[in-house]
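# Inside the fold
The lines below spell out each chain.
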Amino acid sequence: MASDGARKQFWKRSNTKVPGSIQHVYGAQHPPFDPLLHGTLLKATPKVPTTPVKARRTSTFQEFESNTSDAWDASEDDDELLAMAAESLNTEVVMETANRVLRNHSQRQERRRPPEPPAVPSGDLRLVKSVSESHTSCPAEELRKLSWSGIPKLVRPITWKLLSGYLPANVERRPATLQRKQKEYFAFIEHYYDSRHDDAHQDTYRQIHIDIPRMSPEALILQPKVTEIFERILFIWAIRHPASGYVQGINDLVTPFFVVFMCEHIEEEDVDAADVSRVPTDVLRNVEADTYWCMSRLLDGIQDNYTFAQPGIQMKVKMLEELVSRIDEQVHRHLEQHEVRYLQFAFRWMNNLLMREVPLHCTIRLWDTYQSEPEGFSHFHLYVCAAFLGRWRKEILEERDFQELLLFLQNLPTAHWGDEDISLLLAEAYRLKFAFADAPNHYKK
């Protein structure tokens, strides 16, 4: 049991941020900008989504959000999405890639025989494909099933845009939609960005300006053009979403989209080493706008993570604690015995979607599946975090000191992780979801 004095000395020495040190910048009060009212653009006519969604009780926050959120094109008809899937993804290539990864996983597990491996039957494709939560089998789910086990790099940019709902399935509509959304984004910049030094917004911009140089990969982020792009994206999003404004953690969510979309336009295999200054200006503008809209779509589903007091994260950390207490009581009791609170390590897992815990290329692979899962960034992420904690079960149980245990959980050895590690993690997360999703009492004692 750790003494109070030891814990206090540890916190004074530790450079790792804890929830209390996160700087919140709220109060982006500028009213949402309507391009129609300003005579610059035609406003898109929203359509009724074709995919059934669960009914939710309307709240004051949801009403407010509906009045401030950006207008989005709903997904296209199912037959159009099927046509898109056939055109954009080579089914045989994707499935062969997935099957090859699974075979490699099975052989690797047989060779290594790690202590207490996840109970994942080799060859059981149910564990590496998302089961549709829709009441009917529709062509729209084919793309998600193909993408669950990983998307080939060549088609990842267009697939992410399709899965996020940003790009319409109708091929003929894509150019006009992209042009309209890109024009709309730069209208926001023209209207808002000069206000970043105003008294009402200078705190928001200052925090963004401070946070970006701390991001990774530094070789990419610190290039002046990239820094400016990230500053614009984050500032415009904060102004457009006054319910939360800018909160640390949101900045990390820009990177995967930017890197994936840049891959279409650079020759280097490693985007980290790319010289962005050599990319044409019009290409960078398109990538910037696409990144903004896709990031906005992601945040629409988890915005309660970043509203005042971050209730979404507080709730998810509590759910993780209760889930772990059910699936691995020994680990849960070990953490409890040494007075390690889940909030001390899992807050960052929820706030940054594990981006600070695994390499960027692993995050991108993880997001292939998140975008293929219903509520992937919110609901399925919980099971991924549970599987992630379980991955270090042996090491956790061997630690007998509060300070060492917490340092380990905040600095997990994943620097050399690859796609295989992420695929195994996702398979275990899906196994947990498959076992517990229909048993709501697993959150209760």
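Residues numbered from 1 in each chain as written. Predicted model: local features only at pLDDT ≥ 70, side-chain atom pairs only at ≥ 80, totals over all residues. Heavy atoms only, no water.

- The name recorded for the chain in an unreviewed UniProt entry is Rab-GAP TBC domain-containing protein, from Felis catus.

## Side note on the overall build of the chain
- The helix and strand tally for the chain stands at 20 helices and two strands.
- Considering only contacts in the chain between residues 6 or more positions apart, those separated by 24 or more positions represent 80%.
- About 21500 Å² of surface is accessible on the chain, with carbon and sulfur atoms providing 52% of the total. (Helix = DSSP H or I, 4+ residues; strand = E, 2+ residues; numbered from the N terminus. Contact = heavy atoms within 4.5 Å. Areas by Shrake-Rupley, 256 points an atom, 1.4 Å probe, with all protein chains shown as cover.)

## Focus: the packing of helix H8 (residues 202-211) against helix H10 (residues 224-240)
- H10 packs onto H8 with a crossing angle of 145 degrees between their chain directions and a minimal axis gap of 10 Å. For the pair H8 and H10, the crossing hand works out as right-handed. Across the interface between the two elements, Thr204, Tyr205, Ile208 and His209 of H8 pack against Glu231, Leu234, Phe235 and Ala238 of H10.
- When its residues are assigned to classes, the contact of H8 with H10 shows five nonpolar, two polar and one charged. (Axes fitted to C-alpha atoms, helices over the stretch in contact; angles between N-to-C directions. Left-handed = near helix turned anticlockwise from the far one by under 90°. Nonpolar A, V, L, I, M, F, W, Y, C, P; charged D, E, K, R; others polar.)

## Describing the packing of helix H13 (residues 311-327) against helix H15 (residues 343-351)
- It is the contact of H13 with H15, at a shortest axis distance of 9 Å, that shows an interaxial angle of 120 degrees. If you check the angle between H13 and H15, you find them oblique. For the crossing formed where H13 meets H15, the hand is right-handed. Packed against H13, whose contacting residues are Ile313, Gln314, Lys316, Val317 and Leu320, the element H15 presents Leu343, Ala346, Phe347, Trp349, Met350 and Asn351 at the interface. (Parallel < 35°, antiparallel > 145°, perpendicular 65-115°, else oblique.)

## Brief notes about the packing of aromatic side chains
- Summed over the entire model, instances satisfying the criterion amount to 26 aromatic pairs.
- Between Phe257 and Phe261, the aromatic rings sit 6.2 Å apart at their centres with planes inclined by 35 degrees, giving tilted as the arrangement. One end of the pair is Phe257 and the other is Phe261, both in helix H11 (residues 254-262) and four residues apart, which spans about a single turn.
- Each ring, one from Tyr430 and one from Phe434, has its centre 6.1 Å from the other, and the planes form 35 degrees; the classification is tilted. Of the two residues, Tyr430 and Phe434 are both situated in helix H20 (residues 419-436); the distance of four residues between them amounts to about one turn of the helix.
- On the basis of relative accessibility, which here comes to 48%, the residue Phe434 falls in the partly exposed class.
- The side chain of Lys181 reaches across the aromatic face of Trp293, ending 3.8 Å from its centre.
- Positioned above the aromatic ring of Phe186, the side-chain terminus of Arg285 is 3.8 Å from the ring centre. (Phe/Tyr/Trp six-rings, centres within 6.5 Å; stacked < 30°, edge-to-face > 60°. Buried < 20%, exposed > 50% of the residue type's maximum accessible area, 1.4 Å probe, protein only. Lys NZ or Arg CZ within 6 Å of the ring centre and 35° of its normal.)

## Focus on the nonpolar core
- Leu253, Leu320, Leu335, Trp349, Trp367 and Leu389 are the most contacted members of the largest nonpolar core, which has 111 residues in total.
- Discounting chain neighbours no more than four positions away, the residues touching Leu335 are Val340, Tyr342, Phe345, Leu389, Ile396, Leu405 and Leu409. (Core = buried A, V, L, I, M, F, W, Y, C linked by side-chain atoms within 4.5 Å.)

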